[in-house]
Amino acid sequence: MSTTQEQPRTYEVRTYGCQMNVHDSERLAGLLEDAGYTPFVMAPEGEQADYPDVVVFNTCAVRENADNRLYGNLGHLAPVKAKRPGMQIAVGGCMAQKDRDTVVKKAPWVDVVFGTHNIGSLPALLDRARSQQEAQVEILESLDVFPSTLPTKRESAYAAWVSVSVGCNNTCTFCIVPSLRGKEKDRRPGEILAEIEALVAEGVSEITLLGQNVNAYGVEFGDRQAFSKLLRACGEIEGLERVRFTSPHPAEFTDDVIEAMAETPNVMPSLHMPLQSGSSKVLKDMRRSYRQEKFLGIIERVRAALPDAAITTDIIVGFPGETEEDFQETLKVVREARFSGAFTFQYSKRPGTPAAVLDDQVEPAVVSDRYNRLVELVNEITWDENKRLVGRELELMVAEGEGRKDAETHRLSGRAPDNRLVHFEADFSQVEGAPRPGDMVTVQVTYAAPHHLVADGPVRALRRTRSGDAWERRTAEPATAASASVGLGMPSLGVPAPLPDAPVCG
């Protein structure tokens, strides 16, 4: 067993894909540390490169480039492992669930392959692979233990994911996730609220409720208003300052949720509402059970109840059969909805999905042209929307790891209530002391870019929080930063901790 060795074995988790995977990686880190492993800490720059004893890839199956990236990274590690006989490599997540034995055939130096339903088996599988000297492949077809019962190493001291459900009951023709994560399974409200209360007691002040189709929560126990009730119950938790959720589905997004958002002060005015296409014909082909009119109606009602809400979305360009007229309908919705941000994707044919065998696959050059036009329009609108905030005072939760250029620009970064990213000047001349991640600062916006805001000038107010205290305690502890344990394989966005540039499937 790993716990009996003189030097604990080190580990690193590399994550690809959505927020669900990021949260699963926190559990993988917790499981490994519970089994006696320690986080791998990169050697200072200039020293000889080293590698962890165990590298875990938590994979995504939604985009084709995720496959290429995984096998490229596995190939890079092959010669490293050949020189380090005790090193182990594990592959888990959606791609492992999909490819199963294929992973070991393509990369025979992999030691463990595990699926989305049995992440709790990882430490045992590593031990078994080490003792038997052969690869272990274990893929369960259904969930055995709800993941939230597993040990979790939270990546952030001040913000946390809380799963309300796993799996999805939708049958979108472009998406393979339901077949990999299974049918929706809901946690009981009392379990969710107990987890949130425990997190708040540890110093967390922002939580994000997480589900593949979060607003369908309650379907398993027959309460159609369970999600809005859960939001209102979060409003009763003392010390919980910010509540977010992702990702809802337009088909099940009901007015009681909008009312709960508007009437619960700690539910933030931010909403991620996946569009996928603005064409009702394409939505039908996608098996998305809403049409353009319904989607725009949701946006209109949200804006009426929450005028300052920032609404983001997902859009796929080039779905099979999409015509130029269909694409123009998507541009129409983007103009009318005025999203504050959009995750935009070129359609990627995924084996095992109904869309992969549809006729009328769109030519790559056409897809690329439409994609570029869409991105240009999205950037134009998001920039215009951000410009409206110049001169406005905002209260930010100070973030960690979100401003890649903060060191060179002498700025810090934080998130506004509507989740916009703001880089602010590290001028604390008008406040006492400097803020810590998790603390709240008030700043005035001086500049807008398409994907962020800037607030130069002195910080106008500083509120030191229990979350800042928690961050300070964590950084004072031995064994260093949490970022040593879980690395993300995609560009970062959002809190808690840097998030991958990909939404939850919805």
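Given the structure is predicted, the values throughout are model-derived calculations rather than measurements. (Residues numbered from 1 in each chain as written. Predicted model: local features only at pLDDT ≥ 70, side-chain atom pairs only at ≥ 80, totals over all residues. Heavy atoms only, no water.)

> Any chance you could explain unusual backbone geometry here in plain terms?
With glycine set apart, most residues show a phi of negative sign, and most peptide bonds adopt trans. With an omega of -10°, the peptide bond running from threonine 246 to serine 247 counts as cis. By secondary structure assignment, the location of serine 247 is in the loop between strand 11 (242–246) and helix 9 (255–263). Positive phi, normally seen in glycine, also occurs at histidine 410, with a value near 60°. Within the chain, asparagine 419 stands out as a residue other than glycine whose phi angle is a positive 80°. (Helix = DSSP H or I, 4+ residues; strand = E, 2+ residues; numbered from the N terminus.)

> Could you clarify how one ought to interpret the packing of helix 8 (residues 226–234) against helix 9 in this entry?
In helix packing, the relevant descriptors are the interaxial angle and the interaxial distance, both defined with respect to the helix axes. The geometry of helix 8 relative to helix 9 is characterised by a closest axis approach of 8 Å and an angle of 5° between their N-to-C directions. As the angle between them shows, helix 8 and helix 9 are arranged roughly parallel. Every residue of helix 9 that contacts helix 8 at Phe227, Ser228, Leu231 and Arg232 is listed here: Asp256, Val257, Glu259, Ala260, Met261 and Glu263. The residue inventory of the contact of helix 8 with helix 9, partitioned by class, reads five nonpolar, one polar and four charged. (Axes fitted to C-alpha atoms, helices over the stretch in contact; angles between N-to-C directions. Parallel < 35°, antiparallel > 145°, perpendicular 65-115°, else oblique. Contact = heavy atoms within 4.5 Å. Nonpolar A, V, L, I, M, F, W, Y, C, P; charged D, E, K, R; others polar.)

> What is the right way to read helix 12 (residues 324–337) from this model?
The α-helix advances 3.6 residues per turn, and as a result positions three or four apart in sequence lie on the same side. Between its terminal C-alpha atoms helix 12 stretches 20 Å, which fits the 20 Å expected from 14 residues at 1.5 Å a residue. Of all the residues in helix 12, the buried ones are Asp326, Phe327, Thr330, Leu331, Val333, Val334 and Ala337. Projection of helix 12 onto a plane perpendicular to its axis shows the buried side chains occupying an angular sector of 155°, all on one side. In the stretch just after helix 12, arginine 338 is the one whose phi turns positive, near 50°. (Expected span 1.5 Å × (residues − 1). Buried < 20%, exposed > 50% of the residue type's maximum accessible area, 1.4 Å probe, protein only. Arc of directions from axis to C-beta.)

> What exactly am I supposed to notice about the environment of glycine 278 here?
Structurally, glycine 278 can be placed in the loop between strand 12 (270–272) and helix 10 (280–285). Under the relative-accessibility criterion, glycine 278 is labelled buried at 0%. The residues touching glycine 278, leaving out its near neighbours within four places in the chain, are Gln292, Glu329, Thr330 and Val333.

> Even after reading the chapter, I still don't get the sheet that holds strand 17 (residues 421–425), so can you show me in this structure?
Backbone hydrogen bonds hold the strands of a sheet together, and the pairing may be parallel or antiparallel. Taken in spatial order, the seven strands of this open sheet run 19-20-17-16-15-18-21, and their pairing is mixed. Edge positions in the sheet fall to strand 19 (447–448) and strand 21 (461–463), since each has one partner strand and no second. Bridging between strand 15 (residues 393–398) and strand 18 (residues 440–444) involves five bridges; their strand directions are antiparallel. Considered in strand 18, the bridge of leucine 396 is made with valine 441. (Pairing = 2+ DSSP bridges.)

> Hey, could you run me through the pattern of salt bridges in this one?
Oppositely charged side chains can form a pair if their charged atoms are brought close together. The final tally for this structure, using the stated rule, is 34 salt bridges. Its salt-bridge partner being aspartate 285, residue lysine 281 comes within 3.2 Å of it at the nearest N-O pair. Placement of the pair is lysine 281 and aspartate 285 together in helix 10, with a separation of four residues, close to one helical turn. Given a relative accessible area of 41%, lysine 281 falls into the partly exposed group. When its relative accessible area of 30% is taken as the criterion, aspartate 285 is described as partly exposed. The salt bridge partner of arginine 436 is aspartate 469, with a shortest N-O separation of 2.9 Å. Of this pair, arginine 436 sits in the loop between strand 17 and strand 18 while aspartate 469 sits in helix 15 (residues 466–476); the two residues are 33 residues apart in sequence, bridging distant segments of the chain. Classification of aspartate 469 as partly exposed rests on a relative accessible area of 33%. Shared partners join several salt bridges into a network, and the residues in it are Glu322, Glu324, Asp369, Arg370 and Arg373. (Salt bridge = Lys/Arg side-chain N within 4 Å of Asp/Glu carboxyl O.)

> Just to check I follow, could you spell out the pairing of strand 14 (residues 341–346) for this structure?
Moving residue by residue along a regular strand, the side chains alternate between the two faces of the sheet. Pairing of strand 13 (residues 310–317) with strand 14 involves six bridges; the strand directions are parallel. In the strand pairing of strand 14, threonine 312 is matched with glycine 341. Viewed along the sheet, the connection from strand 13 through helix 12 into strand 14 turns out right-handed. (Right-handed = clockwise from strand over helix to strand, strands pointing away.)

> What is the right way to look at the packing of helix 12 against helix 13 (residues 364–387) in this model?
Where helix 12 contacts helix 13, the axes come no closer than 10 Å and their chain directions differ by 10°. Judged on the interaxial angle alone, helix 13 and helix 12 are roughly parallel. In this structure, helix 12 uses Glu324, Phe327, Gln328, Thr330, Leu331, Val334 and Arg335 to contact helix 13, whose residues at the interface are Arg370, Arg373, Leu374, Leu377, Val378 and Ile381. Considering only residue class, the contact of helix 12 with helix 13 consists of seven nonpolar, two polar and four charged.

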